[in-house]
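Summary of structural features
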Amino acid sequence: MQKPLMAVLIASAFFSLNAQAADLIQVYQQALANDAAFASARAALAAGMERVPQGRSGLLPTVGLNGSIVKNDGESTPWNIGQTVTLANGTRALVTTGGANERTTTHTLSLTQPLFRWANWQTYEQSKLQQSQAEAQFAQAQQDLITRVSQAYFDVLAAQDTLELSRAQKTATTEQLASAKRNFEVGTQTITDTHEAQAAYDLVVAQEFAAINDLENKRSALQAIIGSAPTGLATLKPGVLLAAPEPAVIDPWVASAETQNYGVVGAQLGYELSKREIQKSRAGHYPTLDLTANISRQNMTGQTQQSGRTENKGIGISYNVPIFNGFAVTSRVRETIALEDKARNDLEATRRNAANVARQAFLGVNSGLAQVRALQAAEVSGNSALESNKLGYQVGVRINIDVLNAQRQLYSTRRDLSRARYDTILNGLRLKSAAGSLREADLVPVNDLLVK
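Remember, predicted model here, so these are calculated numbers, not experimental data. (Residues numbered from 1 in each chain as written. Predicted model: local features only at pLDDT ≥ 70, side-chain atom pairs only at ≥ 80, totals over all residues. Heavy atoms only, no water.)

**A few points about the environment of Asn-400**
The condition that has to hold: Secondary structure elements follow DSSP: runs of H or I of four or more residues count as helices, runs of E of two or more count as strands, with numbering from the N terminus. Residue contacts follow a heavy-atom distance rule, with two residues in contact if any of their heavy atoms lie within 4.5 Å.
Along the chain, the position of Asn-400 falls in helix H10 (residues 400-434). A C-alpha to C-alpha distance of 7.3 Å links Asn-400 and Ala-197, two positions 203 residues apart in sequence. Setting aside anything within four residues of it in sequence, one finds Asn-400 in contact with Gln-176, Ala-180, Asp-193, Glu-196, Ala-197 and Tyr-393.

Right under this line is the structure:
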């Protein structure tokens, strides 16, 4: 049952390779349209762009219209309006209403224009910072999408390489196992060689199953970003040459990360917001001054002496001077000062982290380039060693385990070389992201390294 099952798994893992391969740019375009995290960031940007209109509204006039319609129904009196009557308690009163079917309609149009409201001004200044903060967060989301797509893309390629190497190693081990069995049957070698070859074969079969599972996991991770099962992916060109970072020294990259990294930019804006919040909280001690204007009309109908229409217009200045509010403003000021100190330390922590990420990525690129060169040389040496051991095995100066070890070492070197190339490319993208300079255009030279 093992062979049919393994064949099905391998066919499933490589089914999409028969379709036309998609390159990194095409996969990135799919992610732009379908990635849920990026769509969320885009919606957050749209929401953040509304901060300034909302903040500006506190400086603009407000106009309101209110009114009321009141109807009173009461019993009519036998007296005429304007007549003086004597009440039961002996007092005399002037009749002013007939008491029935009275209706009063009132409409008031009012306008208020703030003249001095320090809290409103600080809110407006904060709104501009919040909009810039939303833009910085969206730019960071764009960079994150580039690195996430690239990571998932090359993870799939690495998993494919691992599976292909496992299959190639399995083929070579199968041949070695068959050779050991033949030699044992003719009596030129011991059963130990057969057992060693069988153990090596069983191990590579287990590794092949693990590689198939890992490939499916990596493809699922890419699918979660682009929204659909990935088709065949374009692979790296054979013997591809990777470029060193430009500039080739670390200091400019670190300096850029400390000032232009979007996480640092967002933290800097957050710090500026906290300083504005202090001014806003202190405004609780300041007076406010508004220009007010209103016009009101009242219409009274029914059996009443005041029947008719009245109109009133007014314009003036209103002010409010806070005197005591239970120390709430003082406490709020102390709170915002503490939050400003927190924001300042958060900014410093973000800046240091960005610089550290830039250093790690820069060193990762350079060490990766060195590893690629070393592993390329090791691959040549390993291939020569394998051929020498095969020849020695045939003439009797090498035993079966020597050939198996040489095979294992060669395929391990090829696997490490494949991974080193991908890691070097990814560290180059992470370096630009840390420096705040990663753009979609930076995928073009990476895409040029792939087989079209």
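More follows now that the structure is in view.
**As for a nonpolar patch on the surface**
Our working rule: Patch construction takes residues with relative accessible area above 30% that form no salt bridge. Like charges are linked within 9 Å, and nonpolar side chains (Val, Leu, Ile, Met, Phe, Trp, Tyr) are linked within 5 Å. Residue burial considers only the protein chains on display, and all accessible areas are found by Shrake-Rupley using a 1.4 Å probe. By definition, a salt bridge exists where a carboxyl oxygen of Asp or Glu is found within 4 Å of a side-chain nitrogen of Lys or Arg. Burial classes follow relative accessibility: with a 1.4 Å probe on protein chains only, a residue under 20% of its type's maximum area counts as buried, one over 50% as exposed, and anything between as partly exposed.
There is a patch of nonpolar side chains on the surface, built from Leu-115, Phe-116, Tyr-286, Leu-289, Ile-317, Tyr-319, Val-321, Ile-323, Phe-324 and Phe-327 and spanning about 1100 Å² of accessible area. Going through the elements one at a time, strand E4 (102-116) and strand E6 (308-320) are the ones with two or more residues in the nonpolar patch. Its place among the elements puts Leu-289 in strand E5 (residues 288-301). For Leu-289, a relative accessible area of 31% translates into the label partly exposed.

**A short note on the sheet that holds E4**
In plain terms, the rule: Two strands make a pair as long as DSSP finds a minimum of two bridges between them. Fitting a line to C-alpha atoms yields each axis, with helices limited to the stretch in contact; the angle taken between N-to-C directions then spans 0 to 180 degrees.
Spatially, four strands are ordered E1-E4-E5-E6 in an open sheet, and the strand pairing comes out antiparallel. With partners counted over all chains shown, the strands left at the sheet margins are strand E1 (62-72) and E6, one partner each. Neighbour-to-neighbour, the strand axes of this sheet turn through a mean angle of 15 degrees, independent of strand direction. Two strands pair when backbone bridges link them, and E1 and E4 are joined in this way by eleven bridges, in the antiparallel orientation. Paired with Ser-68 across the two strands is Thr-106, which belongs to E4.

**Here's the deal with unusual backbone geometry**
The linkage connecting Glu-246 with the following residue, Pro-247, adopts the cis geometry, with an omega of 5 degrees. One can find Pro-247 in the loop between helix H6 (191-226) and helix H7 (250-260). One non-glycine residue, Phe-327, lies in the positive phi region at around 65 degrees. Structurally, Phe-327 can be placed in the loop between E6 and helix H9 (328-395). Residue classification places Phe-327 among the exposed positions, given a relative accessible area of 58%.

**Quick notes on empty space enclosed by the protein**
A water-sized probe rolled over the atoms picks out the places where empty space is left. Put simply, the test is: Put simply, the grid is 1 Å and covers the protein atoms alone, a cavity is a trapped set of points that fit a 1.4 Å probe, a pocket is an open set with protein on both sides within 12 Å along at least five of seven lines, and lining residues have an atom within 4 Å of a point. Grid points are joined across faces, edges and corners, and a volume is the space filled by probe spheres set on the points.
Within this structure, the stated rule accounts for one cavity of 30 Å³ or more. Roughly 50 Å³ of internal volume is contained in the largest cavity. Lining the largest cavity, in full, are Gln-169, Thr-173, Ala-200, Leu-203, Val-204, Gln-207, Leu-404, Gln-407 and Arg-408. For the lining of the largest cavity, the elements supplying multiple residues, two or more each, are helix H5 (118-186), H6 and H10. It is H6 that contributes the most residues to the lining of the largest cavity, four residues altogether.

**A few points about the nonpolar core**
Condition: Residues belong to a common nonpolar core when they are buried Ala, Val, Leu, Ile, Met, Phe, Trp, Tyr or Cys residues joined through side-chain atoms within 4.5 Å.
Of all hydrophobic cores here, the largest spans 41 residues; its most connected members are Leu-24, Val-27, Val-149, Tyr-153, Phe-154 and Leu-236. Put simply, the parts of the chain that give this core at least two residues each are helix H2 (24-34), helix H3 (36-48), H5, H6, H10 and helix H11 (443-447). Among the elements that make up this core, the one with the highest residue count is H5 (14 residues). Contacts of Leu-236, omitting those with residues within four sequence positions, involve Phe-154, Leu-157, Arg-421, Tyr-422, Ile-425, Leu-449, Leu-450 and Val-451.

**Focus on the confidence of the model for the protein**
As a reminder, the rule being used: pLDDT expresses how confident the predictor is about each individual residue, on a scale running from 0 to 100.
Averaged over every residue, the pLDDT of the protein is 87; the share at 70 or more is 88%. Across residues 1-19, where pLDDT falls below 50, the model places 26 contacts with residues more than four positions away in sequence or in other chains.

**Let's talk about the pattern of salt bridges**
Summed over the entire model, instances satisfying the criterion amount to 19 salt bridges. We note a salt bridge from Lys-313 to Glu-311, for which the minimum N-O separation is 3.8 Å. By relative accessible area, Lys-313 is classed as exposed at 62%. Residue classification places Glu-311 among the partly exposed positions, given a relative accessible area of 42%. Between Asp-346 and Lys-342 there is a salt bridge whose closest N-O contact spans 2.8 Å. In this pair, Asp-346 and Lys-342 both sit in helix H9, four residues apart, roughly one turn of the helix. Residue classification places Asp-346 among the partly exposed positions, given a relative accessible area of 36%. Taking the relative accessible area as the measure of exposure, Lys-342 reaches 49% and is therefore partly exposed.

**Structural notes on the packing of aromatic side chains**
Condition: Stacked, tilted and edge-to-face pairs are distinguished by plane angle, under 30 degrees for stacked and over 60 for edge-to-face with tilted covering the rest, among Phe, Tyr and Trp rings (Trp via its six-membered ring) whose centres lie within 6.5 Å.
Taken as a whole and judged by the stated rule, the model has five aromatic pairs. Aromatic side chains Phe-38 and Phe-138 sit 5.4 Å apart centroid to centroid with 35 degrees between the ring planes, which places their arrangement in the tilted category. One end of the pair, Phe-38, is in helix H3; the other, Phe-138, is in helix H5, with 100 residues separating them in the sequence. Each member of the pair Phe-38 and Phe-138 is classed as buried. Ring geometry for Trp-121 versus Tyr-124: centroids 5.7 Å apart, planes at 50 degrees, classification tilted. Taken together, the residues Trp-121 and Tyr-124, both in helix H5 and three residues apart, mark about one turn of the helix. Its relative accessible area of 15% is what places Tyr-124 among the buried residues. A network of ring pairs unites the aromatic residues Tyr-153, Phe-154 and Tyr-422 as a single cluster.

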